[in-house]
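Next come the chains, spelled out residue by residue.
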Amino acid sequence: MGPPVILVRHGESEFNVVFSQTRIDPGIPDPKLTPTGHRQARNAAAALAGYGITRVISSPYTRTLQTAVIIAEALGVALEIEPLVRERGFFVCDIGTPAGDLAAAWPQHEFGHLDEVWWIEDESDDALVARCDRFRERVVDHPAWPNLAVVAHWGFIRGLTGLQLGNGELVTYRLPDEAPQIVRTGG
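The sections below set out a description of the structure shown in this document.

Here is what the cut-offs are and how they apply
Residues numbered from 1 in each chain as written. Predicted model: local features only at pLDDT ≥ 70, side-chain atom pairs only at ≥ 80, totals over all residues. Heavy atoms only, no water. Disulfide = S-S within 2.5 Å. Buried < 20%, exposed > 50% of the residue type's maximum accessible area, 1.4 Å probe, protein only. Salt bridge = Lys/Arg side-chain N within 4 Å of Asp/Glu carboxyl O. Helix = DSSP H or I, 4+ residues; strand = E, 2+ residues; numbered from the N terminus. 1 Å grid on protein atoms, 1.4 Å probe; cavity = no way out; pocket = protein on both sides within 12 Å on 5 of 7 lines; lining within 4 Å. Points joined across faces, edges and corners; volume = space filled by probe spheres on them. Nonpolar A, V, L, I, M, F, W, Y, C, P; charged D, E, K, R; others polar. Core = buried A, V, L, I, M, F, W, Y, C linked by side-chain atoms within 4.5 Å. Phe/Tyr/Trp six-rings, centres within 6.5 Å; stacked < 30°, edge-to-face > 60°. Lys NZ or Arg CZ within 6 Å of the ring centre and 35° of its normal. Polar contact = N/O pair within 3.5 Å; in protein donor to acceptor, adjacent residues only side chain to side chain. Contact = heavy atoms within 4.5 Å.

Concerning the state of the cysteines
Okay, so step 1: A complete count under the given rule lists zero disulfides for this structure.
Okay, so step 2: Free cysteine Cys-93: the closest other cysteine sulfur is in Cys-132, separated by 17 Å.
Okay, so step 3: For Cys-93, a relative accessible area of 5% corresponds to the buried category.

Remarks on the pattern of salt bridges
Okay, so step 1: Taken as a whole and judged by the stated rule, the model has eight salt bridges.
Okay, so step 2: A salt bridge links Glu-82 to Arg-138; the nearest nitrogen and oxygen atoms lie 3.1 Å apart. On the criterion of sequence distance, the pair formed by Glu-82 in the loop between strand 3 (78-81) and helix 4 (99-105) and Arg-138 in helix 5 (residues 125-139) is long-range, its members being 56 residues apart.
Okay, so step 3: We classify Glu-82 as buried; its relative accessible area is 9%.
Okay, so step 4: Since its relative accessible area comes to 49%, Arg-138 is described here as partly exposed.
Okay, so step 5: We note a salt bridge from Glu-123 to Arg-131, for which the minimum N-O separation is 2.6 Å. Exposure class is identical for Glu-123 and Arg-131. Each is buried.
Okay, so step 6: Look at the salt bridges and you will find they share partners, linking Asp-30, Arg-63 and Asp-94 into a network.

Regarding the layout of surface pockets
Okay, so step 1: There is about 520 Å³ of room inside the largest pocket.
Okay, so step 2: Of all elements in the fold, only helix 1 (14-22) and helix 6 (154-161) reach the threshold of two or more residues within the lining of the largest pocket.
Okay, so step 3: When its residues are assigned to classes, the lining of the largest pocket shows eight nonpolar, eight polar and seven charged.

Considering the nonpolar core
Across soluble globular proteins, nonpolar side chains have a tendency to be buried as a group.
Okay, so step 1: The biggest cluster of nonpolar side chains holds 26 residues, and the ones touching the most others in it are Val-8, Leu-48, Val-56 and Ile-71.
Okay, so step 2: If you list the elements that add at least two residues to this core, you get strand 1 (5-9), helix 2 (35-48), helix 3 (62-75), strand 3, helix 4 and strand 4 (148-152).
Okay, so step 3: Residues Leu-84, Leu-128, Ile-157 and Tyr-173 belong to the second largest nonpolar core, which totals 18 residues.

Re the packing of aromatic side chains
Okay, so step 1: Per the stated rule, a full pass over the model turns up seven aromatic pairs.
Okay, so step 2: Ring plane angle 45° and centroid distance 5.3 Å describe the contact between Phe-15 and Phe-91, whose orientation is recorded as tilted. Of the two residues, Phe-15 sits in helix 1 while Phe-91 sits in the loop between strand 3 and helix 4, which places them 76 residues apart along the sequence.
Okay, so step 3: Since its relative accessible area comes to 5%, Phe-15 is described here as buried.
Okay, so step 4: Given a relative accessible area of 25%, Phe-91 falls into the partly exposed group.
Okay, so step 5: Directly above the aromatic system of Tyr-61 lies the positively charged group of Arg-63, at a separation of 4.6 Å from the ring centroid.

Digging into the side chain of Thr-97
Okay, so step 1: Locating Thr-97 in the fold gives a position in the loop between strand 3 and helix 4.
Okay, so step 2: A relative accessible area of 19% places Thr-97 in the buried class.
Okay, so step 3: Within the structure, Thr-97 has its side chain in polar contact with the side chain of Asp-30 (distance 2.4 Å).
Okay, so step 4: Excluding residues that lie within four positions of it along the chain, Thr-97 makes contacts with Asp-30, Thr-62, Leu-102, Trp-118 and Trp-119.

Take a look at the structure:
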């Protein structure tokens, strides 16, 4: 087995705060991080410091971009946007921001490879599994592997590893599937 890829769940979002209390979708498309989410991202960056990360890959959602920027800046590494690691597409929060709007809001990052509407609003379990398989195939060919941190989502990480991470938590993931190890970073 090779060295691990580190999967990071984004920090707490505005959606997470409401949903964790009510279990009702609050109808917030592409939510931002809360102050707690920003702290969780800083804690994740500190936890990643000893892994030799040379690149951060992030989903295009605002909450993952915000988390990934904090991590990439803290580690002094490049950030790459990858829609394969997006959320499953189940709640209103999984409606993304169009690629042109992302490019305007984040001019320091590349979004030209995204379709204008890059998210899927309803994704089956089989489609999620197929997307996780495509990620596995693509990541082993990535020039920065195995020194990657991938900032993604609860559904994607669960689909890839079978684990349910809290906001800002990390999991080491070896390809092909070796037992993953969760790193609790604290909130």
